[in-house]
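Spelled out, the chains give:
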Amino acid sequence: MKNTLGIIISFDNDSDMRELAEHRPVSSIPFSGRYRIIDFMLSNFVNSGCHQVGILMRDKYQSLMDHLGSGKDWDLARKRGGMILLPPNAFAPKSSPLVTENYHTWLEALGSISDMLTKNKSEYVIIAGGDIIANIPLDSVLRKHKECGADVSIVCTKSSEGTAHDTYMELSPRHEVVDIRYADNMGGKCRHKALGIYLMKRELLLELLSDCVTRNMHHFERDAIQYLFKAGKKIHGYVFDKYAVQIESVKGYFASSMDMLDKEIRDQVFLPERPIFTKIRDEAPTYYGEDAVVNDSLIADGCVIEGTVENSIVFRGVHVDKDAVVKDSIIMSNGEIGENVELSYVVADKNVKIRPERKMMGHATYPVAIAKDAIV
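The following refers to the structure shown. Please read all numbers here as calculations on a predicted model, not as lab measurements.

Side note on the pattern of salt bridges
Then, in step 1: Applying the stated rule across the entire model yields 15 salt bridges.
Then, in step 2: Among the salt bridges present, the one from Arg-191 reaches Glu-170, with a minimum N-O distance of 2.5 Å. One end of the pair, Arg-191, is in the loop between strand E10 (177-182) and strand E11 (192-201); the other, Glu-170, is in strand E9 (residues 167-171), and 21 residues separate them in sequence.
Then, in step 3: What you see here is one network of salt bridges that share partners, running through Asp-179, Arg-181 and Asp-184.

Take a look at the structure:
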């Protein structure tokens, strides 16, 4: 993977994250007690031996930059390569005819860094969304790509269920893509869903960007990938059969967070040989009061738990007062849950304060989301 450039696209157009994405992109949303969503794809690249990763951003990226810093926590603070932050307007329009001042899609964003792609010496490029929760061996994806002589490899899962913004594929017994559709699985006939990870040679990507711009194409999956498919390029589907989800809504975020309470799923995501790295923060151990009750929950460091927490995820620095009951909920960093509060199916963002005697109830299909810094 030394000859591979990784690109994580860290902005979103089609997500339904409501209050959780008001101040940050989806990739910067906290996850599972101590991580951010982008940590998973960053760690996938590092664990696979790719130490040259660009982060393509567009808006609301201050939170993301604060988290990433120099990339030291992912071993990406390097003199050569390492982590490359790519904010909007990083390159002037005169540097390439593909550069646009304001981009809205993956294809336009990739065109905006065409100058960097041209000067880069890597043979392969892996493009991935920053909203993926999975532990994927990208070195294995590259190895399979070379073995089958594919022009493009797409990481996919065995699923025909998804949203109106997903890409679906049908594969041959040799995992060659024989049909590919955007936002339509043909009534379940396309039995694999693309996960948002694409591998191809850097030169092919540059040709693709040039062709799409001259033909007024804008969408990466609907236009660019379809263009390659219709042009007869060999597209290979790498089927990943372990736990993998894309975070596209508050409902999906809540469900995937609750999945982390299942040890079998945690064991598929958090592998000792392929660890998930994140920004290091030293906190004191969590304090549990005499009357505290905690069942089937993930509790991070630095918390004070004096009430009841069941089937929930509690981030760093959270205070749960006496007689408070938190069930089936997610409480992010530095939250304060007052006395006699009852929460059920609630996602509270950072620094949320719930005053005493409050009761809030959502549902697994529509959890209540509370914006950052809110006082309820």
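From this point, the narrative continues.
Quick look at the environment of Val-304
Then, in step 1: Examined against the element boundaries, Val-304 turns out to sit in strand E17 (residues 304-305).
Then, in step 2: Linking Val-304 and His-319, residues 15 residues apart in sequence, is a C-alpha distance of 4.7 Å.
Then, in step 3: When sequence neighbours within four positions are dropped, the list of residues in contact with Val-304 reads Tyr-287, Val-318, His-319 and Val-320.

Digging into the sheet that holds E17
Then, in step 1: Within the open sheet, the 5 strands sit side by side as E14-E17-E20-E23-E26. Their pairing is parallel. One side of each edge strand has no neighbouring strand; the edge strands of this open sheet are strand E14 (287-288) and strand E26 (353-354).
Then, in step 2: In this sheet, E17 lies alongside E14 in parallel orientation, the contact comprising 2 bridges. When the bridges of E17 are listed, Tyr-287 appears paired with Val-304.

Some thoughts on empty space enclosed by the protein
It is a probe the size of a water molecule, rolled over the atoms, that shows where empty space is left.
Then, in step 1: Applying the stated criterion across every chain, the model contains 1 cavity of 30 Å³ or more.
Then, in step 2: By volume, the largest cavity amounts to about 40 Å³.
Then, in step 3: If you trace the largest cavity, you find it lined by Leu-86, Pro-87, Asn-89, Ala-90, Phe-91, Val-99, Thr-100, Tyr-103, Ser-112 and Ile-113.
Then, in step 4: Here the lining of the largest cavity is composed, by residue class, of 7 nonpolar, 3 polar and no charged.

Quick word on the packing of aromatic side chains
Then, in step 1: A complete count under the given rule lists 10 aromatic pairs for this structure.
Then, in step 2: Judged by centre distance (5.8 Å) and plane angle (50°), the ring pair of Tyr-35 and Phe-40 falls under tilted.
Then, in step 3: When its relative accessible area of 11% is taken as the criterion, Tyr-35 is described as buried.
Then, in step 4: Chaining the aromatic ring pairs together yields one cluster made of Phe-31, Tyr-35, Phe-40, Tyr-253 and Phe-270.
Then, in step 5: Above the plane of the ring of Tyr-366 lies Arg-18, whose end atom (NZ or CZ) is 4.3 Å from the centre.
Then, in step 6: If you follow Arg-34 out to its NZ or CZ, it ends over the ring of Tyr-35, 5.4 Å from the centre.

Notes on the nonpolar core
Then, in step 1: Grouped together as the largest cluster of nonpolar side chains are 41 residues, with contacts concentrated most on Ile-7, Leu-56, Leu-110, Ile-113, Ile-154 and Phe-220.
Then, in step 2: With near-sequence residues (within four places) excluded, Phe-220 lies in contact with Trp-106, Leu-107, Leu-110, Ile-127, Tyr-198, Met-200 and Ile-225.
Then, in step 3: Residues Val-46, Tyr-124, Val-141 and Ala-244 belong to the second largest nonpolar core, which totals 32 residues.

So, the pairing of strand E1 (residues 4-9)
Then, in step 1: Burial runs high along E1: 6 of the 6 residues are buried.
Then, in step 2: Burial along E1 is two-sided: Thr-4, Gly-6 and Ile-8 and Leu-5, Ile-7 and Ile-9, pointing in opposite directions, are all buried.
Then, in step 3: One ladder, built from 6 bridges, connects E1 with strand E6 (residues 124-129); its direction is parallel. For Ile-9, the partnering residue across the bridge sits in E6 and is Gly-129.
Then, in step 4: Direction of pairing for E1 relative to strand E4 (residues 52-56): parallel, over a ladder of 4 bridges. Following the sheet pairing, Gly-6 is matched in E4 by Val-53.

What to know about the environment of Gln-62
Then, in step 1: Of note, Gln-62 is situated in helix H2 (residues 62-68).
Then, in step 2: Distance in space between the C-alpha atoms of Gln-62 and Arg-24 is 7.5 Å, their sequence separation being 38 residues.
Then, in step 3: Side chain to side chain, Gln-62 and Asp-66 meet in a polar contact 2.8 Å long.

Regarding the sheet that holds strand E18 (residues 308-310)
Then, in step 1: Spatially, E15-E18-E21-E24-E27 is the arrangement adopted by the 5 strands of the open sheet, whose pairing is parallel. Among the strands making up the open sheet, the edge pair consists of strand E15 (293-295) and strand E27 (359-361). Across the sheet, the mean angle separating the axes of adjacent strands is 5° when strand polarity is ignored.
Then, in step 2: Here 3 bridges tie E18 to strand E21 (residues 325-327), and the two strands are oriented parallel to one another.

Quick look at the packing of helix H6 (residues 202-214) against helix H7 (residues 220-230)
Relative orientation and spacing of two packed helices are given, respectively, by the angle between their axes and the distance between those axes.
Then, in step 1: Running from N to C, H6 and H7 cross one another at 110°; their axes reach a closest spacing of 10 Å. In terms of orientation, H6 lies roughly perpendicular with respect to H7. For the pair H6 and H7, the sense of crossing is right-handed. Residues Leu-204, Leu-208, Asp-211 and Cys-212 of H6 pack against Ala-224, Tyr-227 and Leu-228 of H7.
Then, in step 2: Split into classes, the residues belonging to the contact of H6 with H7 amount to 6 nonpolar, no polar and 1 charged.

Some thoughts on the layout of surface pockets
Then, in step 1: Looking at the largest pocket, its volume works out to about 1,000 Å³.
Then, in step 2: Contributing to the lining of the largest pocket are 47 residues, with Asp-131, Thr-163, Asp-166, Gln-246 and Glu-248 lying nearest its centre.
Then, in step 3: Looking at the lining of the largest pocket, the elements with two or more residues in it are E11, H7, strand E13 (244-246) and helix H8 (250-259).
Then, in step 4: The element contributing the most residues to the lining of the largest pocket is E11, with 5 residues.

Cut-offs used in this document
- Residues numbered from 1 in each chain as written.
- Predicted model: local features only at pLDDT ≥ 70, side-chain atom pairs only at ≥ 80, totals over all residues.
- Heavy atoms only, no water.
- Salt bridge = Lys/Arg side-chain N within 4 Å of Asp/Glu carboxyl O.
- Helix = DSSP H or I, 4+ residues; strand = E, 2+ residues; numbered from the N terminus.
- Contact = heavy atoms within 4.5 Å.
- Pairing = 2+ DSSP bridges.
- 1 Å grid on protein atoms, 1.4 Å probe; cavity = no way out; pocket = protein on both sides within 12 Å on 5 of 7 lines; lining within 4 Å.
- Points joined across faces, edges and corners; volume = space filled by probe spheres on them.
- Nonpolar A, V, L, I, M, F, W, Y, C, P; charged D, E, K, R; others polar.
- Phe/Tyr/Trp six-rings, centres within 6.5 Å; stacked < 30°, edge-to-face > 60°.
- Buried < 20%, exposed > 50% of the residue type's maximum accessible area, 1.4 Å probe, protein only.
- Lys NZ or Arg CZ within 6 Å of the ring centre and 35° of its normal.
- Core = buried A, V, L, I, M, F, W, Y, C linked by side-chain atoms within 4.5 Å.
- Polar contact = N/O pair within 3.5 Å; in protein donor to acceptor, adjacent residues only side chain to side chain.
- Axes fitted to C-alpha atoms, helices over the stretch in contact; angles between N-to-C directions.
- Parallel < 35°, antiparallel > 145°, perpendicular 65-115°, else oblique.
- Left-handed = near helix turned anticlockwise from the far one by under 90°.

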